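# A look at the structure
Single-letter residue listing:
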Amino acid sequence: MIQFTNLIGNSQLKQLLISTANRSILVVEDIDCSLELQDRRAQQPRMMNPDLARMMNIDPYPTTQGGCGARVVLLSKYNPVLNQVDDFTVSSCLTLLCSINGCSITTTEGIGNTRDGFHPIHERFSGFHASQCGFCTTGMCMSLFLALVNAEKTPRPEPPLGFSKLKVSEAEKAIVGNLCRCTGYRPIVDACKSFTADVDMEDLGLNSFWRKGDSKDVKLSSLPSYKRNGDVCTFPQFLKSENRMEMGVDRVKVVVGNTGLGYYKEVGSYDKYIDLRYIPELFMIRRDDSGINIGVAVTISKAIEVVKECNQHGFHTEENMVYKKIADHMEKVASGFIQNSASLGGNLVMAQRNHFPSDIATVLLAVGSLVNIMNGLKSEELTMEEFLRRPELDSKSILLSVKIPDWNRLMGISSGTRMNLLFETYRAAHNP
């Protein structure tokens, strides 16, 4: 678990508190807030205290691209209003330290280790021979752990003893963004599926737990025991942190997930980072007869969820199926742990400012989406085409929201009128 106290304006964290597995507290002074959780510069003493590098199990050579999933960690946020904890995976080589203020970070050592004993995930990965070179294993374990945690939050029936509420299809999808260059996906998938209540035990491959021909009861008793809602607490009690803002900032960067760093490399650091996720107006989601309004700080994964919901309450007309097409295409953009951090607005701003080849901007352009921009005290609404063609936003302008219009209202069609509407999206890549 990581906690921050007193962010100061010279790009240094005055104090960083780390709660270790044995509940001891490590205090690290003067941390550069431009560092990611895992940073290629972490070996330089002036950039990161060696104790912090050791506690975070830092890889000295991360790619900082967020594409492999090897450095995935679990990030947990507490919502005091709803009194609930939201858990999701992020890429630690892209996530800024200063962006996780008040959050809890769980690594693979946090769910199990040599001192306290390994988690059943670790034991089953080993027993199913799902780890070869081992570089990808930590990220695989954390992606599966998130799937198990979220499955327990669902109102599904109680699974048999030793299994979770996870489904086979969800177990397979949990690691879809994690890359294994040893091509050992079959045993990895088997290890993941072994936790699911609807798994066919005969479908699981070679392992060290049972022999060929053993009965189902023998196989079940041979698997490392899995206890639902076990000893791992993803969000322990922590001290409230307090930010101290100072004047005299030279360089400021506005961020949400900082995933753009994986595409556009930056030289040098900033004096201060402004995290837009704590501005409620930029995180709003509103639906009405005219369409869906989505705040720019909403993550891509949340935007996909919102658009999908339009087809889950009886809205199965041809026009409303446009929303499903949008959601299906957006799901193909980046991996799940990138979608959990990247914002919808950040993607569009990169397309407008840097001519980033954005699938999302292209699809939203095709459905006639609108954007709302605040310039000083003036608010203006532009079409997506107008927004992409205009000069980049200056320091006085900010993108507030994106509106996906309702096609029935857009085309002036009454609820009883039938029409033929064809809307398709395609994703193509150049041959190597």
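A few points on the structure.

What follows concerns a nonpolar patch on the surface. A contiguous nonpolar patch, built from Val252, Val254 and Ile274 and spanning about 230 Å² of accessible area, is present on the exposed surface. Note on placement: Val254 falls in strand E7 (residues 252-255).

What follows concerns the packing of aromatic side chains. The full count for this structure, using the stated rule, is six aromatic pairs. Judged by centre distance (5.5 Å) and plane angle (70 degrees), the rings of Phe128 and Phe209 are edge-to-face. Of this pair, Phe128 sits in the loop between helix H3 (120-127) and helix H4 (137-152) while Phe209 sits in the loop between helix H6 (185-193) and helix H7 (216-222), placing them 81 residues apart in sequence. Owing to a relative accessible area of 1%, Phe128 belongs among the buried residues under this scheme. Between Tyr263 and Phe356, the ring centres sit 4.9 Å apart and the planes meet at 85 degrees, which makes this aromatic pair edge-to-face. Taken together, the positions of Tyr263 in the loop between E7 and strand E8 (272-275) and Phe356 in the loop between helix H11 (344-354) and helix H12 (359-366) put the pair 93 residues apart, joining distant regions of the chain. Taken together, the ring pairs connect Phe128, Phe209 and Trp210 into an aromatic cluster. In this structure, Arg124 packs its charged tip against the face of Phe195, placed 4.1 Å from the ring centre.

Looking now at the sheet that holds strand E9 (residues 285-288). Sheet strands associate in pairs through backbone hydrogen bonding, adopting either a parallel or an antiparallel arrangement. Spatially, five strands are ordered E9-E10-E13-E11-E12 in an open sheet, and the strand pairing comes out antiparallel. Each end of this open sheet is capped by a strand with a single partner; those strands are E9 and strand E12 (378-383). Each adjacent strand pair in this sheet contributes to an overall mean axis angle of 20 degrees, direction not counted. Of the pairings in the sheet, the one linking strand E11 (residues 370-375) to E12 comprises six bridges and is antiparallel in character. Paired with Asn372 across the strands is Glu381, a residue of E12.

Grouped together as the largest cluster of nonpolar side chains are 83 residues, with contacts concentrated most on Phe125, Ile326, Leu348 and Leu364. Broken down by element, the residue count for this core peaks at ten residues, all from H4. Not counting chain neighbours up to four residues away, the residues in contact with Phe125 comprise Ala130, Ser131, Thr137, Met140, Cys141, Leu144, Ile188, Ala191 and Cys192. Counting seven residues, the second largest nonpolar core, distinct from the first, contains Val73, Val90, Ile100 and Ile105.

Parameters at a glance
- The residue numbers shown here count from 1 along each chain, following its written sequence.
- Only residues with pLDDT of at least 70 get local features here, since the model is predicted, and only at 80 or more are side-chain atom pairs given and counted; chain-wide, interface and lining totals rely on the full set of residues.
- Calculation of side-chain values draws on the structure's entire complement of heavy atoms; hydrogens and water are dropped beforehand.
- To count toward a patch, a residue needs a relative accessible area over 30% and no salt bridge; like charges are then connected within 9 Å, while nonpolar side chains (Val, Leu, Ile, Met, Phe, Trp, Tyr) are connected within 5 Å.
- Computed with a 1.4 Å probe, the accessible areas rest on the Shrake-Rupley method; for each residue, only the protein chains presented here act as cover.
- Throughout this description, the term salt bridge denotes a Lys or Arg side-chain nitrogen within 4 Å of a carboxyl oxygen of Asp or Glu.
- Put simply, DSSP marks the helices as runs of H or I at least four residues long and the strands as runs of E at least two long, and each gets a number from the N terminus on.
- Aromatic pairing here means that ring centres of Phe, Tyr or Trp (its six-membered ring) are within 6.5 Å. Orientation follows from the plane angle: under 30 degrees is stacked, over 60 is edge-to-face, and everything else is tilted.
- Exposure is judged per residue with a 1.4 Å probe applied to protein chains only, and the accessible area is read against the type maximum: over 50% gives exposed, under 20% gives buried, and values in between give partly exposed.
- Whether a charge sits over a ring depends on NZ of Lys or CZ of Arg being within 6 Å of the ring centre and within 35 degrees of the ring normal.
- Here, a strand pair is defined by DSSP locating no fewer than two bridges between the strands.
- Axis angles are defined between N-to-C directions and span 0 to 180 degrees, where every axis is a line fitted to C-alpha atoms and, for a helix, only to the segment in contact.
- Here the nonpolar core consists of buried residues drawn from Ala, Val, Leu, Ile, Met, Phe, Trp, Tyr and Cys, with membership extended through side-chain atoms lying within 4.5 Å.
- Contacts are assigned to residue pairs that have any heavy atoms within 4.5 Å of one another.

Geometric descriptors of this kind do not, in isolation, establish any biological role.
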